[in-house]
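Structural features, examined
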Protein chains: 2
Amino acid sequence: MATKISKADDGTANERASSRSALLNAASALMTERGTIEISLSDIAKHSGLNSALVKYYFGTKQGMMLSLVEDVLGHGIAQLKGLLDMDIDPVEKLKLHIKAIITVYFRYPYINRLLHFLFEDPESAQIVAQTISKPLAETQRKLIEEGIEAGLFKPVDPMLLYFIVLGACDHLFFGQHMLRVAFGVDTIDDELRRRYTNTLLDLMLNGILKENAAARG
Amino acid sequence: MATKISKADDGTANERASSRSALLNAASALMTERGTIEISLSDIAKHSGLNSALVKYYFGTKQGMMLSLVEDVLGHGIAQLKGLLDMDIDPVEKLKLHIKAIITVYFRYPYINRLLHFLFEDPESAQIVAQTISKPLAETQRKLIEEGIEAGLFKPVDPMLLYFIVLGACDHLFFGQHMLRVAFGVDTIDDELRRRYTNTLLDLMLNGILKENAAARG
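A quick note: this is a predicted structure, and the numbers were derived from the prediction, not measured.

**Thoughts on the relation of the copies chain A and chain B**
- Superposition of chain A onto chain B requires a rotation of 180° combined with a translation of 0.0 Å along the rotation axis, giving an RMSD of 0.0 Å. Here the two chains are linked by the operation of a two-fold rotation axis. Scanning chain A for the C-alpha nearest the rotation axis identifies A:Gly208, at a separation of 1.9 Å.
- Of all interface residues in chain A, 100% are interface residues in chain B too; the two copies therefore contact each other through one and the same surface.

Set out below in structure tokens:
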């Protein structure tokens, strides 16, 4: 339909986009603030200053809105990861950037993993998340690992197993935030803690915990 | 109260213990089977063949029953871990046994981490889990790591950060079981997969992913 877009139409389209974003941003902010994905449509409406009926209008259901949020938040990262693969840097640097990026996503959107698991419990949403997020992520990560193995830099490792190790390790500081507070007395994950966690994980992933003399023994 | 226990009283005590266990076993079996911690008291009653009022009698509330289940399942492992510290084997072997034991717990009780996080959302339960499970685990793990560092076998690493890396990596294959199924087409975690996951994680934790030549470069 090659109709010319008038100023008025254009305005409406922008408004639509901005109401849609306002709802997603409100949901994101509320889940981050409250440390739970159990938020109500009326809370989202109140926080965004919009009518909760708009959720139905834009996303069909609350579940649909959560799915859009996951795609918005993670879709960008998936696209970046594909770009990373094509970059002219060595696989070790690529792996470092990749792990840093994952931790940054969890840092910015601490609810994201709970939300993914919630969506995975519904068969239909699970298929969509798998197609748009998990499979592309696993596939690109696999290529990155294979590139490193072929370059003689990485030991041979099963990319599927590595997927769960990396994702679990990246996520757990954030997912386990209650535990961090109650068991370690640390109330907030600030930028400094995020950086230390990233560096410790990277060092462990790349070089292991054993000192060279201990490694040579084994 | 030093009253002599008659045969009849003793029988009653055994019955109490066995009804209590039957309820906990039913809850454990149902959560494992269904892949969710959302189970009802009437399901537990049906599965155990006992009246659901007994939950109130033994545990006060369903939350109380879940707390007892976590303590039953994990308390044993915490005790074993303390025993491990005192064993006359080297810290590398201790760390290996420790990580294997954690994965085995997740393998046998795949719901355990969800349950912990559920309990951590309630301030009162969180305090109890922290005191009986998380703090002793973190504390014993810290001693194990410090022993390895002092023996010149481990690189210096922050035990708190390592706690989240190890727990997250151990758990994620199980916690992410929906993802395993939908994104990788793997329906069940069998003993062989558990073993491969354990070995891959151990190798990564101890020696890292970099080949020696690549590690020397960095």
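Next comes the rest of the write-up.
**Looking at helix H6 (residues 112–120) of chain B**
- With eight of its nine residues buried, H6(B) lies for the most part within the structure.
- Taken as a whole, H6(B) has its buried residues at B:Ile112, B:Asn113, B:Arg114, B:Leu115, B:Leu116, B:His117, B:Leu119 and B:Phe120.

**Digging into the packing of aromatic side chains**
- Taken as a whole and judged by the stated rule, the model has 16 aromatic pairs over all chains.
- Look at A:Phe184 and B:Tyr163: their rings are 5.1 Å apart centre to centre, the planes differ by 65°, and that puts the pair in the edge-to-face class. In this pair, A:Phe184 sits in helix H9 (residues 177–184) while B:Tyr163 sits in helix H8 (residues 159–175), so the two residues belong to two different chains.
- A relative accessible area of 2% means that B:Tyr163 is categorised as buried.

**Structural notes on the interface of chain A and chain B**
- Counting residues at the interface gives 59 residues for chain A, matched by 59 residues for chain B.
- The junction of chain A with chain B conceals about 6000 Å² of combined surface from both sides, 72% of it contributed by carbon and sulfur atoms.
- Across the contact surface, chain A and chain B share four salt bridges.
- A salt bridge links A:Glu121 to B:Arg114; its shortest N-O distance comes to 2.9 Å.
- Inspection of the chain A/chain B interface yields 20 residue pairs in polar contact (both at pLDDT 80 or more).
- For the side of chain A that touches chain B, the elements supplying multiple residues, two or more each, are helix H5 (91–108), helix H6 (112–120), helix H7 (123–150), helix H8 (159–175), H9, helix H10 (191–207) and helix H11 (212–217) of chain A.
- For the side of chain A that touches chain B, the element with the most residues is H8(A), which contributes twelve residues.
- Of the residues assigned to the side of chain A that touches chain B, the class counts are 36 nonpolar, 13 polar and ten charged.

**Points about the pattern of salt bridges**
- Inspection of the entire model under this criterion finds 22 salt bridges over all chains.
- Residues A:Glu139 and A:Arg142 are paired through a salt bridge, measuring 2.6 Å at the closest nitrogen-oxygen approach. Of this pair, A:Glu139 and A:Arg142 both sit in helix H7, three residues apart, which is roughly one turn of the helix.
- Look at A:Glu139 and you get partly exposed, because its relative accessible area is 33%.
- A:Asp158 serves as the salt-bridge partner of B:Arg196, at 2.9 Å between the closest nitrogen and oxygen. With B:Arg196 in helix H10 (residues 191–207) and A:Asp158 in the loop between H7 and H8, this pair bridges two chains.
- Beyond isolated ion pairs, a larger network of salt bridges with shared partners links A:Glu139, A:Arg142 and A:Glu146.

**What about the packing of H8(A) against H8(B)?**
- Packing of H8(A) against H8(B) leaves a shortest axis separation of 7 Å and a crossing angle of 120°. Comparing the axis directions of H8(A) and H8(B) gives the class oblique. Here the hand of the crossing between H8(A) and H8(B) comes out right-handed. Residues A:Phe164, A:Ile165, A:Leu167, A:Gly168, A:Ala169, A:His172, A:Leu173 and A:Phe175 of H8(A) lie in contact with H8(B), whose contacting residues are B:Phe164, B:Ile165, B:Leu167, B:Gly168, B:Ala169, B:His172, B:Leu173 and B:Phe175.
- Class assignment of the residues belonging to the contact of H8(A) with H8(B) gives a composition of twelve nonpolar, four polar and no charged.

**Here's the deal with the confidence of the model for chain A**
Residues and elements named next belong to chain A.
- Here chain A averages 87 in pLDDT, while 92% of its residues score no lower than 70.
- Scored below 50 in pLDDT, residues 1–9 makes one contact in the model with residues more than four places away or belonging to other chains.
- This prediction of the complex comes with two scores: 0.85 for pTM and 0.84 for ipTM.

**Quick word on H7(A)**
- Helix geometry: H7(A) is bent most strongly at A:Ala130, by close to 50°.
- Among the residues trailing H7(A), A:Gly152 stands out with phi positive, at a value near 75°.

**What about the state of the cysteines?**
- Per the stated rule, a full pass over the model turns up zero disulfides over all chains.
- Take A:Cys170: it sits in no disulfide, and the sulfur closest to it among the cysteines is that of B:Cys170, at 15 Å.

Thresholds applied
Residues numbered from 1 in each chain as written. Chains lettered and ligands numbered in written order. Predicted model: local features only at pLDDT ≥ 70, side-chain atom pairs only at ≥ 80, totals over all residues. Heavy atoms only, no water. Least-squares fit on C-alpha atoms with pLDDT ≥ 70 in both. Contact = heavy atoms within 4.5 Å. Buried < 20%, exposed > 50% of the residue type's maximum accessible area, 1.4 Å probe, protein only. Helix = DSSP H or I, 4+ residues; strand = E, 2+ residues; numbered from the N terminus. Phe/Tyr/Trp six-rings, centres within 6.5 Å; stacked < 30°, edge-to-face > 60°. Buried area = accessible area lost by both parts, 1.4 Å probe. Salt bridge = Lys/Arg side-chain N within 4 Å of Asp/Glu carboxyl O. Polar contact = N/O pair within 3.5 Å; in protein donor to acceptor, adjacent residues only side chain to side chain. Nonpolar A, V, L, I, M, F, W, Y, C, P; charged D, E, K, R; others polar. Axes fitted to C-alpha atoms, helices over the stretch in contact; angles between N-to-C directions. Parallel < 35°, antiparallel > 145°, perpendicular 65-115°, else oblique. Left-handed = near helix turned anticlockwise from the far one by under 90°. pLDDT = per-residue confidence, 0-100. Bend = angle between axes of the 7 residues up to and from the residue. Disulfide = S-S within 2.5 Å.

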